[in-house]
Number of protein chains: 2
Amino acid sequence: MSKAKKILALSGGVGGAKLATGLAAVLAPDELCIVANTADDFIHLGLSISPDLDTVMYNLAGLNNKQQGWGLAGESWQFMESLKRLGGEDWFLLGDQDLATHIQRSALLNEGKSLTEVTALLAHRLDLAPQLLPMTNDRVSTRMVTDQGDLSFQHYFVRERCEPVVSAYYFEGIDGAQPQEDFIALLQDPDLAAIIICPSNPFVSVEPILSLAGVTEHMKESPAPVIAVSPIIAGQALKGPAAKMMSELNMPCSATAVAALYGDLLDGFVIDTEDAALLDEIRAGGIPAKACATIMRSMDSKKDLAREVLSFAEELMCQP
Amino acid sequence: MSKAKKILALSGGVGGAKLATGLAAVLAPDELCIVANTADDFIHLGLSISPDLDTVMYNLAGLNNKQQGWGLAGESWQFMESLKRLGGEDWFLLGDQDLATHIQRSALLNEGKSLTEVTALLAHRLDLAPQLLPMTNDRVSTRMVTDQGDLSFQHYFVRERCEPVVSAYYFEGIDGAQPQEDFIALLQDPDLAAIIICPSNPFVSVEPILSLAGVTEHMKESPAPVIAVSPIIAGQALKGPAAKMMSELNMPCSATAVAALYGDLLDGFVIDTEDAALLDEIRAGGIPAKACATIMRSMDSKKDLAREVLSFAEELMCQP
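Described below are features of the structure shown in this document. As a convention, each chain's residues are numbered from 1 in the sequence order in which they are written. The order in which chains are written sets their letters, starting at A; the order in which ligands are written sets their numbers, starting at 1. Given that the model is predicted, a residue must reach a pLDDT of at least 70 before its local features are reported, and side-chain atom pairs must reach 80 or more before they are shown or counted; all residues, however, enter totals for whole chains, interfaces and linings. Think of the side-chain values as coming from all heavy atoms in the structure, minus any hydrogens and water.

## Thoughts on unusual backbone geometry
The phi dihedral of Asn250(A) is positive, around 60 degrees, even though this residue is not glycine. The numbering of helices and of strands both runs from the N terminus, where a helix is a DSSP run of H or I of at least 4 residues and a strand a run of E of at least 2. Along the chain, Asn250(A) turns up in the loop between helix H10 (242-248) and helix H11 (255-262).

## Digging into the side chain of Thr256(B)
Residues and elements named next belong to chain B. Along the polypeptide, Thr-256 turns up in helix H11 (residues 255-262). Note on Thr-256: relative accessible area 17%, which makes it buried. Working rule for contacts: check all heavy atoms of both residues, and any pair within 4.5 Å makes them a contact. Look past the residues within four positions of Thr-256 in its chain and what remains in contact with it is Leu-278, Glu-281 and Ile-282. Buried residues are those whose accessible area, probed at 1.4 Å on protein chains only, stays under 20% of the maximum for their type, while exposed residues exceed 50% and partly exposed ones sit between those limits.

## Comments concerning the relation of the copies chain B and chain A
Least-squares superposition aligns the copies on the C-alpha atoms of those residues with pLDDT at or above 70 in both. Mapping chain B onto chain A calls for a screw motion: a turn of 180 degrees about the axis and a shift of 0.0 Å along it, with 0.0 Å RMSD after fitting. The superposition operator between the copies reduces to a two-fold rotation axis. It is Asp96(B) whose C-alpha, among those of chain B, lies nearest the rotation axis, at 3.0 Å. Both copies share a contact surface, since 100% of the interface residues of chain B are interface residues in chain A too.

## Describing the sheet that holds strand E7 (residues 149-152) of chain A
Residues and elements named next belong to chain A. By this definition, two strands are paired if DSSP reports at least two bridges between them. Taken in spatial order, the three strands line up as E7-E6-E8 in an open sheet, and their pairing is antiparallel. Looking at which strands have only one partner, the edges of the open sheet turn out to be E7 and strand E8 (166-172). The sheet shows a mean angle of 25 degrees between the axes of neighbouring strands, taken without regard to direction. Here six bridges tie strand E6 (residues 141-146) to E8, and the two strands are oriented antiparallel to one another. In this description, a line fitted to the C-alpha atoms serves as the axis of each element, helices being fitted only across the stretch in contact, and the angle between N-to-C directions of two axes falls anywhere from 0 to 180 degrees.

## A word on the sheet that holds strand E6 (residues 141-146) of chain B
Residues and elements named next belong to chain B. Strand order in the open sheet formed by three strands is E7-E6-E8, and the pairing between neighbours is antiparallel. Among the strands making up the open sheet, the edge pair consists of strand E7 (149-152) and strand E8 (166-172). Across the sheet, the mean angle separating the axes of adjacent strands is 25 degrees when strand polarity is ignored. Seen against the sheet, helix H8 (residues 202-211) touches E6 and E8 and runs at an angle of roughly 40 degrees to E8.

## Quick notes on H11(A)
Helical geometry note: an α-helix holds 3.6 residues per turn, so side chains three or four residues apart project in the same direction. Among the eight residues of H11(A), six are classified as buried, and the element is accordingly described as predominantly covered. Listing the buried residues of H11(A) in full gives Ala255(A), Thr256(A), Ala257(A), Val258(A), Ala259(A) and Tyr262(A).

## With respect to the packing of helix H4 (residues 96-110) of chain A against helix H4 (residues 96-110) of chain B
Packing of H4(A) against H4(B) leaves a shortest axis separation of 11 Å and a crossing angle of 45 degrees. Here H4(A) is positioned oblique relative to H4(B), judged by the angle of their axes. Between H4(A) and H4(B) lies a crossing of left-handed hand. Contact residues: H4(A) offers Asp96(A), Leu99(A) and Ile103(A), while H4(B) offers Asp96(B), Leu99(B) and Ile103(B). Gly is placed with the polar residues, together with every amino acid not listed as nonpolar (Ala, Val, Leu, Ile, Met, Phe, Trp, Tyr, Cys and Pro) or charged (Asp, Glu, Lys and Arg). Partitioned by chemical class, the residues of the contact of H4(A) with H4(B) number four nonpolar, no polar and two charged. Put simply, angles under 35 degrees are roughly parallel, angles over 145 are roughly antiparallel, angles from 65 to 115 are roughly perpendicular, and the rest are oblique. In a left-handed crossing the near helix is turned counterclockwise from the far helix by less than a right angle, and in a right-handed crossing that turn is clockwise.

## Some details on the environment of Pro130(B)
Residue and element names in this part refer to chain B. With respect to the helices, strands and loops of the structure, Pro-130 is situated in the loop between helix H5 (115-125) and strand E5 (131-134). Judged by its relative accessible area of 7%, Pro-130 falls in the buried class. In this structure, the C-alpha to C-alpha distance between Pro-130 and Glu-172, residues 42 residues apart in sequence, is 29 Å. Filtering out sequence-adjacent residues up to four positions away, Pro-130 remains in contact with Ala-24, Pro-29, Leu-32, Ile-34 and Leu-60.

## Regarding empty space enclosed by the protein
Cavities and pockets were defined on a 1 Å grid built over protein atoms only: a cavity is a set of grid points that admits a 1.4 Å probe from which the probe cannot escape, a pocket is an open set flanked by protein on both sides within 12 Å along at least five of seven lines, and lining residues are those with an atom within 4 Å of any such point. Grid points are joined across faces, edges and corners, and a volume is the space filled by probe spheres set on the points. Enumeration according to the criterion identifies three cavities of 30 Å³ or more in this entry. If you add up the space inside the largest cavity, you get close to 50 Å³. What lines the largest cavity is simply Ser82(A), Arg85(A), Leu86(A), Met57(B), Tyr58(B), Leu63(B), Leu72(B), Gln97(B), Thr101(B) and Leu126(B). Here the residues of the lining of the largest cavity sort into six nonpolar, three polar and one charged. Approximately 40 Å³ is the volume found for the second largest cavity. If you trace the second largest cavity, you find it lined by Tyr58(A), Leu63(A), Leu72(A), Gln97(A), Thr101(A), Leu126(A), Ser82(B), Arg85(B) and Leu86(B). Elements with a minimum of two residues in the lining of the second largest cavity: H4 of chain A together with helix H3 (78-85) of chain B.

## Examining the packing of aromatic side chains
Any two rings among Phe, Tyr and Trp, with Trp reduced to its six-membered ring, count as a pair given centres within 6.5 Å; such a pair is stacked if its planes are under 30 degrees apart, edge-to-face if over 60, and tilted if neither. The tally for this structure, following the rule as stated, stands at 16 aromatic pairs over all chains. Arranged with centres 6.3 Å apart and planes meeting at 70 degrees, the rings of Trp70(A) and Trp77(A) form a pair that is edge-to-face. Taking relative accessible area as the criterion, Trp77(A) reaches 27% and is therefore assigned partly exposed. Note on Trp91(B) and Phe92(B): the rings are 5.9 Å apart at their centroids and 80 degrees apart in plane angle, and the pair reads as edge-to-face. In this pair, the class of Trp91(B) matches that of Phe92(B), namely buried. By way of ring pairs, the aromatic residues Phe42(A), Trp91(A) and Phe92(A) are connected into one cluster.

## A few points about the interface of chain B and chain A
With 24 residues of chain B at the contact, the number on the chain A side is 25 residues. Roughly 2,400 Å² of surface becomes buried between chain B and chain A when both sides are summed, with 65% attributable to carbon and sulfur atoms. Simply put, the buried area is the total loss of 1.4 Å probe accessible area from both parts when two parts are fitted together. It is Arg85(B), Leu86(B) and Ile103(B) in chain B that bury the most area against chain A; as a group they hold 28% of the surface buried on that side. Think of a salt bridge as a Lys or Arg side-chain nitrogen and an Asp or Glu carboxyl oxygen that are within 4 Å of each other. Across the contact surface, chain B and chain A share zero salt bridges. A 3.5 Å cut-off defines polar contacts: any pair of N or O atoms within that distance qualifies, except that in protein one atom must be a possible hydrogen donor and the other a possible acceptor, and neighbouring residues in sequence count only when both atoms are side-chain atoms. Linking chain B to chain A there are four residue pairs in polar contact (both at pLDDT 80 or more). For the side of chain B that touches chain A, the secondary-structure elements that each account for two or more residues are H3, H4 and H5 of chain B. Broken down by element, the side of chain B that touches chain A gets its largest block of residues, eight residues, from H4(B). Of the residues that constitute the side of chain B that touches chain A, the class distribution is twelve nonpolar, eight polar and four charged.

## Thoughts on the packing of helix H3 (residues 78-85) of chain A against H4(B)
One can describe the packing of H3(A) onto H4(B) by two numbers: an axis separation of 7 Å at closest approach and a directional angle of 45 degrees. For the element pair H3(A) / H4(B), the angle class is oblique. Note that H3(A) runs across H4(B); the crossing there is right-handed. Contact residues: Gln78(A), Phe79(A), Ser82(A), Leu83(A) and Arg85(A) in H3(A); Asp96(B), Gln97(B), Leu99(B), Ala100(B), Ile103(B) and Gln104(B) in H4(B). Its residues placed into classes, the contact of H3(A) with H4(B) shows five nonpolar, four polar and two charged.

## Concerning the pattern of salt bridges
Where side chains of opposite charge bring their charged atoms close, a pairing between them can arise. All names here are of chain B. In the structure shown here, the tally under the stated rule is 16 salt bridges over all chains. Note that Arg-159 is salt-bridged to Glu-160, the shortest N-O span being 2.9 Å. Measuring nitrogen to oxygen at the nearest pair gives 3.4 Å for the salt bridge that ties Arg-307 to Asp-304. Here Arg-307 pairs with Asp-304, and both are found in helix H13 (residues 299-318), just three residues apart, close to one helical turn. Given the relative accessible area of 43%, Asp-304 is considered partly exposed.

This is the structure:
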């Protein structure tokens, strides 16, 4: 019996969670490991909140709100209404069900459990099939340098609705943070068959993961192909500030620019069919590229994209 | 213009909150100060919970659930359902609205505010008319010595449903706790016209307040009459473990025994009309006593009892 091939997906929030869900639907449970960004994590009202881990977890559990793209389906807001009445901070919406995740996570962390252990416990209770890991157990915090000052990521993203103009960003704590050990072990696993960078924000969702000590080195050393899916389609991000940030950081806003950002880390790049005209210039930059439908509005389209990415990985693996 | 007379009420949870509500309805806002027991307070799931302060606050704000006697009217339980699904501790019920109180209190305490300041902020947001004070800003924790071990009060009261047999109890932290300063100032205020011990559990709701340094001394020195309302009617407590505890602590379970517990602290004792036969034996113990309707099932009955207690105080004040 041959050992199962392993697929590693690096994910931020919404877009990454969709592809992770597609991958989970077409792979066996022990074939998939998803590593989520935790640099968006923050302490709010005393609670430890991990937005990307939660978005991936809720999507994999099928509990996500499909209309709004974040949070839980059938969510209620009694807590939030009462908090407003009491004069509490109300810029970050916490649904009644979602709150249980934050309170239980905070309670378990306070007991001394690591974020990895807490994530595994929550994932187990929600019957998640694939493995879900935080990128690190240590605290890393994305800070946005903007025309309205140095802001924490959630203040920029949620409270200020991405309106401040970004001139730079950095990951507080990244130098001292240890990448999660199972993540590093998987990068060195001879059975690793693909490393997929999900269509997440390259700056604030993917770059924190890639900035952890040793991660890009191990990715380059791995025989598994590294394939990124562009979060930019026709010069726009489907969700979030990726396109706005590219423009503010004086980059062309295109799939080609995303490929250039990842550079020699990539063995393959997947863009949307709408951007097929860019295939030649991406390939000219030395990166094998493929165009297919990357907008994931249904479970079928998530599975289709997962299959396209996996077959692209196999193709690249067979090349000399 | 004469200064307003002041009425001080010492309260535990449900029964105390009802009389406090009656007093608030018949007195001007600046005439009433309620001091609540905080020895039931505990940290649960990382949240600072003050059950008696909350019960009094919700009752005074008219937000209390009149059927179940605790918590909020129109409460929902989405959080609790989700917490159960995640394997969280579910023996202490936290409603979605109620949770906002605990989260906001915890957040404000973590900012460095005192429990007095936090209580005042929450009370202000809920438009409370009278002053509501915690008995102390310091941590005091009732511990129950039982046949199932030494239990925190909420473990005994809620998790174990008062089933363990109590042989003793004590208030951890009481020796180092400072009584709330406005409470002590009011006990020394020459305009204080009555000190009312609400019909709360004498052991675990009232005794912690009376055990704070200087409280009984100031009560005895005050010219204001100290009047208690019996929580025991016909040998039974309307709610909670008071009667069960009296029996387990080898006391007769009667209003007379409650009067004897408070002893020479009392200038007057109010019992239910159903116990009118006990008036003579209580008076024989040297305590002026009065019988009236003490069961408070409606706002009218709360106001009626408040008026009875206040007129008894006036009567006692006029005596030499």
